[in-house]
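Structural overview
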Amino acid sequence: MTIQPVILSGGSGTRLWPASRERYPKQLLPLAGLDTMLQATAARLDGFPGQVAAQIIVVSNEEYRFVIAEQLRQLGKSGRIVLEPVGRNTAPALSLAALVANAGKSDPVLLVMPADHVITDLEAFQAAIMEGARQAEQGALVTFGIVPDRPETGYGYIRAGAPVDDQGMARALDAFVEKPDAPTAARYVSSGEYLWNSGIFMMKASVWLAALESLKPGIAKACRASIAGAKDDGDFVRVDKASFVNCESDSIDYAVMEKLAANPQLGRGVVVPMSAGWSDVGAWDALWQICEKDAAGNVVRGEVMLEDSSDSMVFAESRLVAGIGLKDMIVVETSDAVMVTDKRHTQDVKKIVARLKHEGKPHAVNHRKVYRPWGWYDSIDSGERFQVKRIVVNPGAKLSLQMHYHRAEHWIVVKGTAEVTNGDQVFLLSENQSTYIPLGHTHRLANPGKVPLEIIEVQSGSYLGEDDIVRFEDTYGR
């Protein structure tokens, strides 16, 4: 039996704004440790005693593809990254992964994990996975239920039935229930029959696909067509857009698992209880709960000074943040935004994100620092008819060959060596050298060296938007 890790890396994490943004969401951030949440998920089976597939399958959208590939590379992991042209929820995402995993008819057991969860007790997690794999190998569709430690109203619940055998801890899947109110949640927890719905699943690829064919044939058909028309692009599998956009949007729970609980004749649903320090880190208060705290119950990150403060979280990204007399507060500072809230209102952060989008402000979508497949840029300053960027290009990488209609650019090299294409000229620039790119000139920036190239770019012109780019040639297929 081979276990195939499948990581679902969708979602924008709006309740963790301003750290999480639409184009750089929470799963790509190191919120709960030194590794990003995606990296922690990818490393969750390290040391596992069973056989694990060499390649991790990650299902994501195109926007994150190069960041995901780089983060896996930093871990020494190999990934097969399946790119969804549009979001269609978790059931189609898992179906794409199952089809990719089963392409050679090897029929592995899929371990399906969201990229944005935290698990602190890996030994307990892997023990639950061993039991889940045993059940999945026997044809069950397995979900994992978190043993609750409080009456939580922010999670859905699973009612567990009788033990399925006398060999392990797996129990029959009785029912899924929606997020309860406080009295109902208290009753669930005191009964001992209910578990939090973790969103983690295990099943054979063939078992999932057969269940989907039976219960959601439209999704199955659209996903098969999408993979049949897919194109391989290095680490990436680009599914056929025309087929996938017509796919129904549905979750794993609604499409299949809940139907098994209601009618066991459709298939064998199993829930494995797990107590492994799990959190879906859905909001800032959830992150505060799982982080290591000082003697006053505070969690701090970055350059932070607190006086007479308790049970609070302060994250500082780009400057000193001082807090005095804070109690049950969340403060998050980034280079372009500051968010302050009482812990009781962290679910309402998404309302601020909705307002930002409605008003057309960029803060909901991008950080000031924007990652690109070749590196990143940071918009340092801007004003009428000018913008200043700090640009870092990775060794061996290059930007597209491009042209602008509305702006000219000055480039100053501050670190490394730049290969510059300016019109019909190609030349090298070293530290403290510069060049001028006139409006309308074809140009390209590349890093031929072995260290990161850093330049300062000064743009000037009547329009400075990122959409004023005409690309003639691009390594990354944009």
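Going by the structure above, here's the rest.
Below you will find a few notes about this structure. Positions within a chain are numbered from 1, following the residues in the order the chain's sequence is written. Only residues with pLDDT of at least 70 are given local features in this predicted model, and only at 80 or more are side-chain atom pairs given and counted; all residues enter the totals for whole chains, interfaces and linings. The basis for the side-chain values is all heavy atoms of the structure; hydrogens and waters are excluded.

1. A word on the overall build of the protein chain
Numbering of helices and strands runs from the N terminus, with a helix taken as a DSSP run of H or I at least four residues long and a strand as a DSSP run of E at least two residues long. Scanning the protein chain from terminus to terminus reveals eleven helices and 31 strands. The C-alpha radius of gyration computed for the protein chain amounts to 25 Å, which stays within 12% of the reference 23 Å derived for 478 residues, consistent with globular compactness. Dimensions of the protein chain, computed from the C-alpha atoms along their principal axes, are close to 75 × 60 × 40 Å. Within the protein chain, buried positions represent 51% of all 478 residues. We call two residues in contact whenever any of their non-hydrogen atoms come within 4.5 Å of each other. For the protein chain, long-range pairs separated by at least 24 residues make up 68% of all intrachain contacts whose partners lie at least 6 apart in sequence. For the protein chain, the exposed area adds up to about 21400 Å²; of that, 50% sits on carbon and sulfur atoms. Each radius of gyration reported is based on C-alpha atoms, and the globular scaling rule is 2.2 Å times the count of residues to the power 0.38. Each residue gets one of three labels from its accessible area relative to the maximum for its type: buried under 20%, exposed over 50%, partly exposed in between, using a 1.4 Å probe on protein chains only. Methods summary: accessible areas were calculated by the Shrake-Rupley approach with a probe of 1.4 Å, and residue burial reflects only the protein chains presented.

2. Comments concerning empty space enclosed by the protein
Computed over the protein atoms alone on a 1 Å grid, cavities are sets of points where a 1.4 Å probe fits but cannot get out and pockets are open sets with protein on both sides within 12 Å along at least five of seven lines; a residue lines them when it has an atom within 4 Å of a point. Grid points are joined across faces, edges and corners, and a volume is the space filled by probe spheres set on the points. All chains considered together, the criterion is met by two cavities of 30 Å³ or more. Approximately 40 Å³ is the volume found for the largest cavity. In this structure, the largest cavity is lined by S12, T14, W17, S20, R21, E22, V353, K357 and A364. Classifying every residue of the lining of the largest cavity gives three nonpolar, three polar and three charged. Counted as a void, the second largest cavity has a volume near 30 Å³. If you trace the second largest cavity, you find it lined by S95, L99, L209, L212, E213, A220, C223 and R224. If you list the elements that add at least two residues to the lining of the second largest cavity, you get α3 (90–101), α6 (205–215) and α7 (217–228). Any residue outside Ala, Val, Leu, Ile, Met, Phe, Trp, Tyr, Cys, Pro, Asp, Glu, Lys and Arg is labelled polar, Gly included; the first ten of those are nonpolar and the last four are charged. When its residues are assigned to classes, the lining of the second largest cavity shows five nonpolar, one polar and two charged.

3. Description of the sheet that holds strand β17 (residues 313–316)
Pairs of strands are assigned from DSSP output, requiring at least two bridges between the strands. Pairing is mixed across the open sheet formed by four strands, whose spatial order is β15-β17-β19-β20. Since the sheet does not close on itself, it has two edges, and those belong to β15 (299–301) and β20 (338–342), each with one partner. In this sheet, neighbouring strand axes are inclined to one another by 5 degrees on average, regardless of whether the strands run parallel or antiparallel. Of the strand pairs in this sheet, β17 and strand β19 (residues 329–333) are connected by four bridges, and their pairing is parallel. Looking at β19, one finds that M313 is bridged to I330. An axis is simply a line fitted to the C-alpha atoms; with a helix, the fit covers only the stretch in contact. Between two such axes, the angle follows the N-to-C directions and lies from 0 to 180 degrees.

4. Quick word on the sheet that holds strand β23 (residues 386–393)
One open sheet holds the six strands; their spatial order is β21-β22-β23-β30-β25-β28, and the pairing between them is antiparallel. Lying at the two open borders of the sheet, with one neighbouring strand each, are β21 (369–372) and β28 (434–437). Pairs of neighbouring strands in the sheet enclose a mean axial angle of 20 degrees, with direction left out of account. As paired strands, β23 and strand β30 (residues 453–461) are joined by eight bridges and run antiparallel to one another. From the neighbouring strand, R390 faces β30, where its bridge partner is I456.

5. What about the packing of α6 against helix α9 (residues 252–262)?
At a closest axis distance of 10 Å, the pairing of α6 and α9 adopts a crossing angle of 95 degrees. The angle between α6 and α9 falls in the class roughly perpendicular. Residue-level contacts link W208, A211, L212 and L215 of α6 to I252, A255, V256 and K259 of α9. For the contact of α6 with α9, the class distribution of residues is seven nonpolar, no polar and one charged. Note on terminology: angles under 35 degrees are roughly parallel, angles over 145 are roughly antiparallel, angles of 65 to 115 are roughly perpendicular, and the others are oblique.

6. A word on the side chain of K343
Mapping K343 onto the fold places it in the loop between β20 and α11 (349–358). In contact with K343, other than residues within four places in its own chain, are D285, W288, D311, D328, M329 and I330.

7. Looking at α7
Over its twelve residues, α7 extends 16 Å from the first C-alpha to the last, a length consistent with the 16 Å expected when each residue adds 1.5 Å. Taken residue by residue, α7 has I219, A220, A222, C223 and S226 as its buried positions. Buried-residue contacts for α7 involve α3, α6 and α8 (241–244). To estimate how far a helix should extend, the number of its residues minus one is multiplied by 1.5 Å.

8. A closer look at the packing of aromatic side chains
Any two aromatic rings considered together are summarised by their centre-to-centre distance and by the angle between their planes. Any two rings among Phe, Tyr and Trp, with Trp reduced to its six-membered ring, count as a pair given centres within 6.5 Å; such a pair is stacked if its planes are under 30 degrees apart, edge-to-face if over 60, and tilted if neither. All told, the structure shown has nine aromatic pairs when counted by the stated rule. The interplanar angle of 75 degrees and the centroid separation of 5.3 Å between the aromatic rings of F66 and Y476 together place this pair among those described as edge-to-face. Of the two residues, F66 sits in helix α2 (residues 65–75) while Y476 sits in the segment after β31 (470–473), which places them 410 residues apart along the sequence. Exposure remark for F66: the relative accessible area of 22% places this residue in the partly exposed category. Each ring, one from Y188 and one from Y194, has its centre 4.0 Å from the other, and the planes form 15 degrees; the classification is stacked. Within the aromatic cluster, the residues linked to one another by ring pairs are F66, F236 and Y476. For the cation-ring pair, K293 lies above W288, with the distance from its terminal atom to the ring centre recorded as 4.7 Å. Both a distance and an angle decide whether a charge sits over a ring: NZ of Lys or CZ of Arg must be within 6 Å of the ring centre and within 35 degrees of the ring normal. For K343, the ring lying beneath its charged end belongs to W288, and the centroid distance is 3.1 Å.

Taken by themselves, the reported measurements are silent on function.
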